[in-house]
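A structural walkthrough
Here are the chains, one letter per residue:
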Amino acid sequence: LQLVESGGGLVQPGGSLRLSCAASGFTFSNYAMSWYRQAPGKERELVATVPSAGDRTYYSDSVKGRFTISRDNAKSTVYLQMNSLKPEDTAVYYCNVLLALVEVWGQGTLVTVSS
């Protein structure tokens, strides 16, 4: 069971980044996938979730209208397109899946929004 995030980096306010999370070890198309983030000194928070079929996505109020979560079941990959980035979006972003008996997390990818 493995989730590997990529795509983080340093971006200026107002800029965009696209995060990717490659999954392996389970039947990706059967499960909802989520992105969480943890800013320095703060608790980890749910950012977005996409169900197995890819419809009825969920977004936290803080990112709604700016971030888009999507998935490619053929590639076992989930994405997070982040637009209009703000300094308060700075955090380590984690990919997550809740299987029947275990919750799996990726190692995280750092996003820094700063001028």
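Description of the structure in this document. Just so we're clear, the structure is a prediction, and the values are computed from it rather than from any experiment.

With respect to topology, four strands assemble into an open sheet ordered 1-3-8-7, the strand pairing being antiparallel. Two strands bound the open sheet, and with one partner strand each, they are strand 1 (2-6) and strand 7 (67-72). Sheet twist, expressed as the mean angle between neighbouring strand axes with direction ignored, is 15 degrees. Taken together, the six bridges between strand 3 (residues 17-24) and strand 8 (residues 77-82) define a ladder with antiparallel strand orientation. Following the sheet pairing, Ser-20 is matched in strand 8 by Tyr-79.

Below, the discussion takes up the pattern of salt bridges. Scanning all chains against the criterion turns up four salt bridges. In this structure, Glu-45 and Arg-37 form a salt bridge, with 2.6 Å as the shortest nitrogen-oxygen distance. You can call Arg-37 buried: its relative accessible area is 6%. Note that Lys-64 and Asp-61 form a salt bridge whose closest N and O atoms lie 3.3 Å from each other. Like Lys-64, the residue Asp-61 is exposed in the burial classification.

Together, Leu-1, Leu-101 and Val-102 give the surface a local cluster of nonpolar side chains, amounting to about 350 Å² of exposed area. With respect to the helices and strands, the residue Leu-101 is situated in the loop between strand 9 (91-98) and strand 10 (103-105).

Moving on to the packing of aromatic side chains. Per the stated rule, a full pass over the model turns up four aromatic pairs. Ring geometry for Tyr-36 versus Trp-105: centroids 4.9 Å apart, planes at 65 degrees, classification edge-to-face. One end of the pair, Tyr-36, is in strand 4 (residues 33-38); the other, Trp-105, is in strand 10, with 69 residues separating them in the sequence. Owing to a relative accessible area of 30%, Trp-105 belongs among the partly exposed residues under this scheme. Three or more aromatic residues link up through ring pairs in this structure, and these residues are Phe-26, Phe-28 and Tyr-31. One Lys or Arg, Arg-18, reaches over the ring of Tyr-79 and ends 3.9 Å from the middle of that ring. Sitting over the face of the ring of Tyr-94, Arg-44 holds its NZ or CZ atom 3.8 Å from the ring centroid.

Thresholds applied
Residues numbered from 1 in each chain as written. Predicted model: local features only at pLDDT ≥ 70, side-chain atom pairs only at ≥ 80, totals over all residues. Heavy atoms only, no water. Pairing = 2+ DSSP bridges. Helix = DSSP H or I, 4+ residues; strand = E, 2+ residues; numbered from the N terminus. Axes fitted to C-alpha atoms, helices over the stretch in contact; angles between N-to-C directions. Salt bridge = Lys/Arg side-chain N within 4 Å of Asp/Glu carboxyl O. Buried < 20%, exposed > 50% of the residue type's maximum accessible area, 1.4 Å probe, protein only. Patch = residues over 30% accessible without salt bridge, like charges linked within 9 Å, V, L, I, M, F, W, Y side chains within 5 Å. Areas by Shrake-Rupley, 256 points an atom, 1.4 Å probe, with all protein chains shown as cover. Phe/Tyr/Trp six-rings, centres within 6.5 Å; stacked < 30°, edge-to-face > 60°. Lys NZ or Arg CZ within 6 Å of the ring centre and 35° of its normal.

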